[in-house]
Amino acid sequence: MSRGRIPAALLVPALLTAALSLAPIAYLLVRAAEGGLPAVAAVLLRPRTAELALRSLGLAAVVTLACLAVGISLAWLVVRTDLPGRKAWGALAALPLAVPSYVAAYTWVAAFPGISGFWGSALVLTLCVYPYVYLPVAAALSRMDPALEEVALSLGRGRLAVVLRQLRPSAAAGGLLVAMYVLAEFGAVSIMRFDVFTTQIYTAYRASFNRTPAAVLGLVLVLITLVIVLAEGRSRGRAAYALRGAPARRRVTVRAWKAPALAWTGLVAALAVGFPLAGIGYWLAAGSSRGLDAATLVSATLSTLGVSAAGALMTVALAVPVGIIAARYAGRLSRFTEQAAYVGHALPGIVIALSLVFFAVRYAYPLYQRWPLLVLAYAVLFLPAAVGAVRASVLQSPPVLEEVARSLGRGPLGAVRQVTLPLALPGVLAGTALVFLTAMKELPATLLLRPTGMETLATRLWTETGSGSYAAAAPYAALLMLLAAVPGFLLGRRAT
């Protein structure tokens, strides 16, 4: 990493992005201060607060470790072995991103009522979010320079140690996203009846007009997030650079353990994709005799695609300068902009939404109950997915190419535009797809910030399931999964 001066063309938008990400914290501080120090201390010193912290951290730790194991193993089998049908398995491995966690949770609870609680939540969340590890690790494996492995073998070192060292940045970024996702999860844990910070914050907001307890709990959640982000930053090793156009590698044969490998990939696909699809199929069959409101379905679909696409484009535009700075520059400013981007991802969507409502009503009223405010919420919520993808992609592009461009007369911004961005394009596109997929499934922020009269597939699905009309909810769930499956399928095939 360079310790030189960060170009203003990158630093200014990165600082603006950091300010946007930190705005919800300012809201929480204002709300907490309204209650006074005694009220804040009372919330912090309650035994229930410590219990919620342990529950949230325990769930995040278990799901993150499980996702690392599942994601890395699947990526290795799909990219670096001759597993039969590996391209199809690769596409299936990315499809759980198309399954909303609250949909998956309901299908499991409906089939197995006793599965609720900690382990039920851990199972559902692992099956839904392991692609956050699988996709970046698979992309890193596919671009890894095989010459480094051959040199290691010639020196008597194991291939696995070299590969894992090169995968460390991608696996760490994916694991961080998983942890942030779990800390901010609301729908699945609510259905699983497992009380964590997010559910308690939602209850506190709905229970009374006193926002102090919820604000204090939100600040504790932010502090936990910052600790995890700092720990992830310290765990990073030196990144290895992949050479574009590297010669084709010899794939590891799975002849001796083909059956266990196929059984493992098939089991993950069946549990993560097949089971929710079977549940939705049952709902569709149960409601086949009822009429379908086609107009509402079409309107919700168009709204979902429109706001999700706008949110993905804005999020990636904000993430590009942050990701480049994080990958290429060392120092406090670099660490600050990157770590600030991760803060919003750990806050519940309802906190992000209420903070934006607070600022819109007081300082930007024309945005109140307009779709740009919802797009801003998506940007704050899902910025880490884009930043992580951009950063990992830039890290795998040799910085010497940018130095060559500078030696040929290109300025810092010119080198970024003509060298860095083209090389990082796969990561930018992957980040865009990830944000688009996640935005389509976002529920709490969409419920609060959508313009009056606008429905998305997620809000219609939640409304119908909330009233127990599971058959009526089935078409919205099926279409939501179908739309999300298209970019998820393309991501999975591209990773192979």
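K.L.:
Which residues make up a nonpolar patch on the surface, and what are the values?
P.N.:
Judged by side-chain polarity, L15, L333 and F336 come together as a nonpolar surface patch covering roughly 240 Å² of accessible area. Considering the arrangement of structural elements, one finds L333 in helix α15 (residues 332-343).

K.L.:
Break down helix α17 (residues 371-395) for me, with residues and values.
P.N.:
When the terminal C-alpha atoms of α17 are compared, their 35 Å separation across 25 residues agrees well with the 36 Å that a helix rising 1.5 Å per residue should span. Along α17, the sharpest change in direction is near 55 degrees and occurs at F382; proline P384 comes one to four residues later. Counted residue by residue, α17 has 22 buried out of 25 residues, so it is predominantly covered.

K.L.:
Report on helix α4 (residues 86-94), specifying residues and quantitative values.
P.N.:
One turn of an α-helix holds 3.6 residues; hence residues three or four places apart share an orientation. Every buried residue of α4 is listed here: R86, G90, A91, A93 and A94. Buried residues of α4, viewed axially, fall in a sector of 160 degrees; they line one side.

K.L.:
Before we move on, can you summarise the packing of helix α1 (residues 8-35) against helix α14 (residues 294-328) with the specific residues and values?
P.N.:
Where α1 meets α14, the closest approach of the two axes is 8 Å, and the angle between their N-to-C directions is 115 degrees. Comparing the axis directions of α1 and α14 gives the class roughly perpendicular. Between α1 and α14 lies a crossing whose hand is left-handed. Residue-level inspection shows L10, L11, P13, A14, T17 and L20 of α1 in contact with α14, the latter providing L318, P321, V322, I324 and I325. Here the contact of α1 with α14 is composed, by residue class, of 10 nonpolar, 1 polar and no charged.

K.L.:
Please provide a residue-by-residue account of the confidence of the model for the chain, values included.
P.N.:
Averaged over every residue, the pLDDT of the chain is 79; the share at 70 or more is 79%. The spread of mean pLDDT over the elements of the chain runs between helix α8 (residues 146-154), the lowest at 60, and helix α6 (residues 118-129), the highest at 94. Within the model, the stretch residues 237-248 combines pLDDT values under 50 with 28 contacts to residues more than four positions away or in other chains.

Scoring rules and cut-offs
- Residues numbered from 1 in each chain as written.
- Predicted model: local features only at pLDDT ≥ 70, side-chain atom pairs only at ≥ 80, totals over all residues.
- Heavy atoms only, no water.
- Patch = residues over 30% accessible without salt bridge, like charges linked within 9 Å, V, L, I, M, F, W, Y side chains within 5 Å.
- Areas by Shrake-Rupley, 256 points an atom, 1.4 Å probe, with all protein chains shown as cover.
- Salt bridge = Lys/Arg side-chain N within 4 Å of Asp/Glu carboxyl O.
- Helix = DSSP H or I, 4+ residues; strand = E, 2+ residues; numbered from the N terminus.
- Expected span 1.5 Å × (residues − 1).
- Bend = angle between axes of the 7 residues up to and from the residue.
- Buried < 20%, exposed > 50% of the residue type's maximum accessible area, 1.4 Å probe, protein only.
- Arc of directions from axis to C-beta.
- Axes fitted to C-alpha atoms, helices over the stretch in contact; angles between N-to-C directions.
- Parallel < 35°, antiparallel > 145°, perpendicular 65-115°, else oblique.
- Left-handed = near helix turned anticlockwise from the far one by under 90°.
- Contact = heavy atoms within 4.5 Å.
- Nonpolar A, V, L, I, M, F, W, Y, C, P; charged D, E, K, R; others polar.
- pLDDT = per-residue confidence, 0-100.

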